[in-house]
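Fold and contact review
As a plain string of letters, each chain reads:
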Amino acid sequence: MWPIPEEGLLDAVFVEASRVRVFDGGAFDFDPPRGEVAFELQGDDLRDLRRSIVVLGGGSAGKCRCRGDAALTLDRNGTTLGRIVVHHGVTIRLQTPHGDHWLDTGVGLISFLAERGLSAPLQAYEALEALKQSTAEPRRSWLVAAPPVLRLRLAALESGELALGAAFALLDPEYANIEDTAAALFDWIADHDAQWIASPELGAIGMDLLAMIPLEVLERAVLRAPEFADTLLGAARYFSTTGRTRVAALNTAARARIRHAGNDPGMVASNRELVASALGPPGVTVAPGTRVRWVRALGPVESLASDGQRPYAVAGKRLLRVESDALQEVHLAGDRLDERGNITVAASSDLVVIANSFVGKIWALRPPNPEPTVLAEQRGARDPVVVGGVGYWVANGAAERNVPAQTHIVTCAPGSAPKPLLAVAGSLSELGADGEHLYAIAADRETLVIRVARSGGAPETLAVLRGSPRPHANYPYPSLAIGPREIFFVVDERTIEAVNKRSGRQRIVGQAPTPVYRLAAAGEGLYALAQATESSRGSVLRFADEGDVTVVAEYDRLTRERAGLVIGDDFIAWSADERVFIAPRPRPLSL
């Protein structure tokens, strides 16, 4: 079984393979491929096949539940090393449970197969493109989201020429089991507006097909769905229109999952109200008197920042500004955030900086001007901070002959050229700042907390970290937070330690109940975002100077590694998957 695919992994498996068999039918996950062997490849043809496969970065493309258009098995001496399933000409699934991955269809796997007589993947891709070009929004969105076997038959469904029962029979052989069929239909109706704007009659087709599936099957599809999957949004829409009797018949676990999705702001308000009244409030509980509001982003939140007045988020490869209960996209002056790379954002009242480590661009936005400009171009740029209208970031230096690779802290004010402020051997992570200094975790032979003046100069070692901080640009531990007198970080996932800025003295601040994603410091104390697990709720914790720990909020959602936590002038905000939650910032008691 393969882990999450990367180009190097594909290369390694192709080197081991001596033969590839190409089937003219797809496959359900780990079941044997359907159809016949269309042709086999050996020798130089294997190298040509490998060159034709270009997997785009940016993570998973979801997981199409149908069997796909073609399957390729990579064999050696009668043993199957791995398998590739092509879905609709636009994605592939390697032999892995982690989902599908986008293909660069501008180059060639589907063309490679078509040239050798297997044209189904290319035809599926061309049919999908034709739908995109020939139909207007929002009908196009509804058509493209339909189960593939129904896409070209929707006109017959609309006219009544194709009965619902016959349409349901077409779905059955396309999916491994009835739960996958239900999940595919939930995915189809999850689009909050498109099918209803296109036509109420069109929107009802998916609902009517779901009504033909027993309730216990729909429950199993809900329970199998990943957190915040479209399946759950579709289930919330479906059950919000079926009446409270059927909703009330759901088992407790399924009700809880639909309840969270049903509170999505994208849902029609009346549907949200029905789901909420039938299933209860969303899965976040807060301290008495605290009100949490939340907004749904355009994808998993990769980075979160605050300018003091409002949060900024990077999600769906867009820069978004939270305004009241909505997200406003900040356009990047003709540029876009690439599908690949570690994208991070930092903000202050007078400057917002966005860094994309892959495309090597750093954008700067000066509020209230809505148009960011390119501040610098530097590959590997990440972890920006903003202090006094100046941006700082970490950049990986290239290794030269007889010179080991170094990591730089770079500084740049808008209108000026970027310049290196500091270079260290090994790696740097978790850049932070106060009014006078920059702070970072440096790892080479030891893991250190270092400090350097904002004007440059030699770095100062404040502490040698104990435990296992595991610093890495894309890993959630440690998270560095800069307070007025101390620097805070996480070791061994749950233990929060502090280093005094003046004396370097270290102390243990406290323990979180579950692994900590992020820390954020404010004058009245330290905040931690502790993750939700399968058995424990996540929490936003406040560690006061006196050592008291209070729970600001608890939540059920399992978050991604890049979950964020920021503090504004009067709010605290955190992200979990595709949500940004905002709560009033607790204030110290006045005596």
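This is a predicted model, so every value here is computed, not measured. Residue positions within a chain follow its written sequence, with the count starting from 1. pLDDT decides what is reported in this predicted model: residues at 70 or higher carry local features, side-chain atom pairs at 80 or more are listed and counted, and totals for whole chains, interfaces and linings draw on all residues regardless. For the side-chain quantities, the full set of heavy atoms in the structure was used; hydrogens and water were omitted.

What about the packing of helix 9 (residues 178-189) against helix 12 (residues 215-224)?
Threshold: Every axis in this analysis is a line fitted to C-alpha atoms, fitted for helices over the stretch in contact. Angles between the N-to-C directions lie between 0 and 180 degrees. What counts as a helix is a DSSP run of H or I of at least four residues, what counts as a strand is a run of E of at least two, and both are numbered from the N terminus. In what follows, roughly perpendicular refers to angles from 65 to 115 degrees, roughly parallel to angles under 35, roughly antiparallel to angles over 145, and oblique to any angle outside these ranges. Note on definitions: a residue-residue contact is assigned when non-hydrogen atoms from the two residues lie within 4.5 Å.
The geometry of helix 9 relative to helix 12 is characterised by a closest axis approach of 8 Å and an angle of 70° between their N-to-C directions. Between helix 9 and helix 12, the crossing angle belongs to the class labelled roughly perpendicular. Contacts between helix 9 and helix 12 pair Ile-178, Glu-179, Asp-180, Ala-182, Ala-183 and Phe-186 from the former with Val-217, Leu-218, Arg-220, Ala-221, Val-222 and Arg-224 from the latter.

What to know about the pattern of salt bridges
To keep things clear, this is the line we draw: Here, a salt bridge means any side-chain nitrogen of Lys or Arg that lies within 4 Å of a carboxyl oxygen of Asp or Glu.
Considering all chains together, one arrives at 14 salt bridges under this definition. Salt-bridge contacts for Arg-224 lead to Asp-180; the nearest nitrogen and oxygen are separated by 2.5 Å. Placement of the pair is Arg-224 in helix 12 and Asp-180 in helix 9, with a sequence separation of 44 residues. Via salt bridges that share partners, Arg-19, Arg-21, Glu-40 and Asp-75 belong to a single interconnected network.

So, the sheet that holds strand 24 (residues 460-464)
Rules: Should DSSP find at least two bridges between two strands, the strands are regarded as paired.
The strand order across the open sheet formed by four strands is 21-22-23-24, and the pairing between neighbours is antiparallel. With one partner strand each, in any of the chains shown, strand 21 (427-433) and strand 24 form the two edges of the open sheet. Looking at each pair of strands side by side, their axes are set apart by 25° on average, direction ignored. Bridging between strand 23 (residues 447-453) and strand 24 involves four bridges; their strand directions are antiparallel. Considered in strand 24, the bridge of Val-449 is made with Ala-463.

Some points on the sheet that holds strand 17 (residues 382-387)
Read across the sheet, four strands follow the order 17-18-19-20 without closing on themselves; strand pairing throughout is antiparallel. Of all strands in the sheet, those bounded by a partner on one side alone are strand 17 and strand 20 (419-425). The mean inter-strand angle of the sheet, taken between neighbouring strand axes irrespective of direction, is 20°. Two strands pair when backbone bridges link them, and strand 17 and strand 18 (residues 390-396) are joined in this way by four bridges, in the antiparallel orientation. Across the sheet, the residue bridging to Val-386 is Gly-391, located in strand 18.

Focus on the packing of aromatic side chains
To be explicit about the condition: A pair of aromatic rings is counted whenever rings of Phe, Tyr or Trp (Trp by its six-membered ring) have centres within 6.5 Å, and the orientation is called stacked for planes under 30 degrees apart, edge-to-face for over 60 and tilted otherwise. Categorising residues by exposure relies on relative accessible area from a 1.4 Å probe, with only protein chains included: less than 20% of the type maximum marks a residue as buried, more than 50% marks it as exposed, and the intermediate range marks it as partly exposed. Here, over-ring charges are defined by two tests on the NZ atom of lysine or the CZ atom of arginine: distance to the ring centre within 6 Å, and angle to the ring normal within 35 degrees.
A complete count under the given rule lists two aromatic pairs for this structure. Ring plane angle 15° and centroid distance 5.4 Å describe the contact between Trp-574 and Phe-581, whose orientation is recorded as stacked. Each member of the pair Trp-574 and Phe-581 is classed as buried. Above the ring of Phe-112, the side-chain terminus of Arg-116 is found at 3.6 Å from the ring centroid.

A look at the nonpolar core
Cut-off, in case you're wondering: Side-chain atoms within 4.5 Å link the members of a nonpolar core, which is a set of buried Ala, Val, Leu, Ile, Met, Phe, Trp, Tyr and Cys residues.
Within the largest apolar cluster, 41 residues are counted, with the highest numbers of intra-cluster contacts made by Phe-186, Trp-188, Leu-209 and Phe-239. Here the element with the most residues in this core is helix 9; it accounts for seven residues. Leu-72, Ile-84, Ile-110 and Phe-112 belong to the second-largest nonpolar core, a separate cluster that totals 29 residues.

Quick word on the side chain of Ser-575
Put simply, the rule reads: N or O atoms within 3.5 Å of each other form a polar contact, as long as, within protein, one can give a hydrogen and the other can take it, and as long as residues adjacent in sequence are counted only when both atoms are side-chain atoms.
With respect to the secondary-structure elements, Ser-575 resides in strand 34 (residues 571-576). Reaching out from Ser-575, the side chain makes a polar contact with the backbone nitrogen of Gly-564 at a distance of 2.7 Å.

Focus: unusual backbone geometry
With a phi angle near 50°, Asp-383 is a residue other than glycine that sits in the positive phi range. Within the secondary structure layout, Asp-383 lies in strand 17.

Structural notes on the environment of Phe-488
Within the element layout of this structure, Phe-488 appears in strand 26 (residues 486-491). Accessibility expressed as a relative area gives 8% for Phe-488, which makes it buried. Sequence separation of Phe-488 and Val-499 is eleven residues, and the distance between their C-alpha atoms is 6.6 Å. In contact with Phe-488, not counting residues within four places along its chain, are Ser-479, Leu-480, Ala-481, Gly-483, Glu-497, Ala-498, Arg-507, Val-509, Leu-519, Ala-521 and Leu-526.

Structural notes on the environment of Arg-445
Mapping Arg-445 onto the fold places it in the loop between strand 22 (437-443) and strand 23. You can call Arg-445 exposed: its relative accessible area is 79%. For the pair Arg-445 and Gly-426, spaced 19 residues apart in sequence, the C-alpha to C-alpha distance is 8.2 Å.

Notes on the pairing of strand 18
Side chains on a regular strand alternate between the two faces of the sheet. In terms of burial, strand 18 is a largely internal element, six of the seven residues being buried. The antiparallel pairing of strand 17 with strand 18 creates a hairpin that spans two residues between the two strands, and Gly-388 there sits at a positive phi of about 55°.

Focus on the side chain of Asp-75
Here Asp-75 shows up in strand 3 (residues 70-76). What makes Asp-75 buried here is its relative accessible area of 2%.

A look at the confidence of the model for the protein
Short version of the rule: Confidence scores labelled pLDDT are given residue by residue by the predictor and lie between 0 and 100.
Within the protein, residue pLDDT values average 76, and 72% of them lie at 70 or more. With pLDDT under 50 throughout, residues 1-5 is counted as low confidence; its partners more than four residues away or in other chains account for 21 contacts. Predicted confidence for residues 468-477 stays below pLDDT 50, and this span has 36 contacts to residues more than four positions away or in other chains.

Describing helix 2 (residues 44-52)
Convention followed: Comment: arc refers to directions from the helix axis out to C-beta atoms.
Along helix 2, the residues that are buried comprise Leu-46, Leu-49, Arg-50 and Ser-52. Viewed along the axis of helix 2, the buried residues span an arc of 160°, placing them on a single side of the element.

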